[in-house]
Amino acid sequence: MSELTGRLAVFKTYKLYVGGKFPRSESGRVYEVTDSKGTWLAHAPLASRKDARDAVVAARKAFGGWSGATAYNRGQILYRVAEMLEGRRDQFVAEVAAAEGLSKAKAAAQVDAAIDRWVWYAGWSDKVAQIAGAANPVAGPYFNLSSPEPTGVVAVLAPQDSSFLGLVSVIAPAIVTGNTVVVVAAEDAPLPALSLAEVLATSDLPGGVVNLLSGRTAELAAPLAAHQDVNAIDLAGADADLAKDLEIAAADNLKRVLRPTPPNWSADPGTGRLLTFLETKTVWHPKGT
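Residues numbered from 1 in each chain as written. Predicted model: local features only at pLDDT ≥ 70, side-chain atom pairs only at ≥ 80, totals over all residues. Heavy atoms only, no water.

(A) Representation of the overall build of the protein chain in the model. On a plain count of helices and strands, the protein chain comes out with ten helices and ten strands. The C-alpha atoms of the protein chain give a radius of gyration of 20 Å, which matches the 19 Å a tight globule of 289 residues would have. Dimensions along the principal axes, computed over C-alpha positions, put the protein chain at roughly 85 × 35 × 30 Å. In the protein chain, the share of contacts with a sequence separation of at least 24, taken over all contacts with a separation of at least 6, comes to 76%. Counting 28 positive and 30 negative side-chain charges, the protein chain places the centres of these two groups 4 Å from one another. (Helix = DSSP H or I, 4+ residues; strand = E, 2+ residues; numbered from the N terminus. Rg over C-alpha atoms; globule rule 2.2 N^0.38 Å. Contact = heavy atoms within 4.5 Å. Lys, Arg positive; Asp, Glu negative; His and termini not counted. Charge placed at Lys NZ, Arg CZ, Asp CG, Glu CD.)

In structure tokens:
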């Protein structure tokens, strides 16, 4: 209770984000989220295996429409997300500072970098085909054209050490090319991710393109790695032992796997993640005479 106003503070209730909606975990479980000094911040939903499966269903349902949208439209939607992040900058600065134990100035730098990175990836939407596609020289009277296509549903384990900049750095490159994602937020610092869901829900992004779960990374990663309708998995947030187990599980349906590396999330991201979750379609067409 505030001594000045005599009123009780209204604490925020965080929820999962699945299929464009905000459900509680089907299990009803929550877990305590604390700041870097151990001070209580909030209760976050503790997602279950059933929540993970529901998120995959939502991502698959959204894939056709999102992958079929024009590259220009996807870029415009991602840019709209950046606009809304800019409008809620102060909230994200406070959440990142609490989650990572940063000063306000350092947290602000992380948030600004994350917004700029979202804009950067938005700009690639209608350009990636220029670096991932080709007109191939062949012997014979044919046009031979290769073009990139999205892989499908991608499971993403968000980085554990970068609750917002790292999160944006793994979500944006996956969705800008037409994939849909199921994201497991950083286990100890999920609040920036759950707040990002509120931005995504009101930014023209179709429901199901991004699905955000909070909870125990290992508990949620296992069913996602083994899921037959998940086409790829990004292991950014997995430690070495967990990553090995997930790679084995992912091999069952030949998922594309992006192995964890210790990146500097503040560095130039390059196009590596942008190209990882793309397939190449090559078309042969006879030349007219």
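(B) Molecular detail of the pairing of strand 2 (residues 40–45). Strand direction decides the pairing type here: strand 1 (residues 30–34) and strand 2, joined by five bridges, are antiparallel. Paired with Glu32 across the bridge in strand 2 is His43. Hairpin connection between strand 1 and strand 2: a loop of five residues separates the two successive antiparallel strands, and Gly38 in this loop has a positive phi of roughly 90°. (Pairing = 2+ DSSP bridges.)

(C) Spotlight on the packing of aromatic side chains. Using the criterion set out here, one finds five aromatic pairs in the structure. Considering the side-chain rings of Trp120 and Tyr121, the 5.0 Å spacing of their centres and the 80° angle between planes classify their relative orientation as edge-to-face. Since its relative accessible area comes to 1%, Tyr121 is described here as buried. Among the aromatic residues, ring-to-ring pairing joins Trp120, Tyr121 and Trp124 into one connected group. In this arrangement the basic side chain of Arg216 is found over the ring face of Tyr31, its NZ or CZ atom lying 4.6 Å from the centre. (Phe/Tyr/Trp six-rings, centres within 6.5 Å; stacked < 30°, edge-to-face > 60°. Buried < 20%, exposed > 50% of the residue type's maximum accessible area, 1.4 Å probe, protein only. Lys NZ or Arg CZ within 6 Å of the ring centre and 35° of its normal.)

(D) Fine view of unusual backbone geometry. You will see that Asp204, though not glycine, has its phi angle at about 75°, which is positive. Look at Leu254: it is not a glycine, yet its phi comes out positive at around 55°. Of note, Leu254 is situated in the loop between helix 9 (240–250) and strand 9 (256–258).

(E) Main features of the sheet that holds strand 5 (residues 153–157). Taken together, five strands build an open sheet; the order of strands is 7-6-5-8-9 and the sheet is parallel. Among the strands making up the open sheet, the edge pair consists of strand 7 (210–213) and strand 9. The mean angle between the axes of side-by-side strands here comes to 15°, regardless of whether they run parallel or antiparallel. Pairing analysis gives five bridges linking strand 5 to strand 6 (residues 180–184), with the strands arranged parallel. Counted as the bridge partner of Val153 is Thr180 from strand 6. Against the sheet, helix 6 (residues 165–175) engages strand 5, strand 6, strand 7 and strand 8 (232–234), with an angle of about 165° to strand 6. (Axes fitted to C-alpha atoms, helices over the stretch in contact; angles between N-to-C directions.)

(F) Layout of the environment of Ile171. Residue position: Ile171 is located in helix 6. Of the residues examined, Ile171 reaches a relative accessible area of 0% and is grouped as buried. Those residues in contact with Ile171, other than ones at most four positions away along the chain, are Trp118, Val183, Leu196, Val210 and Leu212.

(G) Broad picture of the sheet that holds strand 10 (residues 278–286). In spatial order, the strands read 3-4-10; together these three strands make up an open sheet with antiparallel pairing. On the outer flanks of this sheet lie strand 3 (134–135) and strand 10, each paired with one strand and no other. As defined by bridge partners, strand 4 (residues 142–150) adjoins strand 10 across nine bridges and the pair is classed as antiparallel. Note that in strand 10 the partner of Leu145 across the bridge is Val283.

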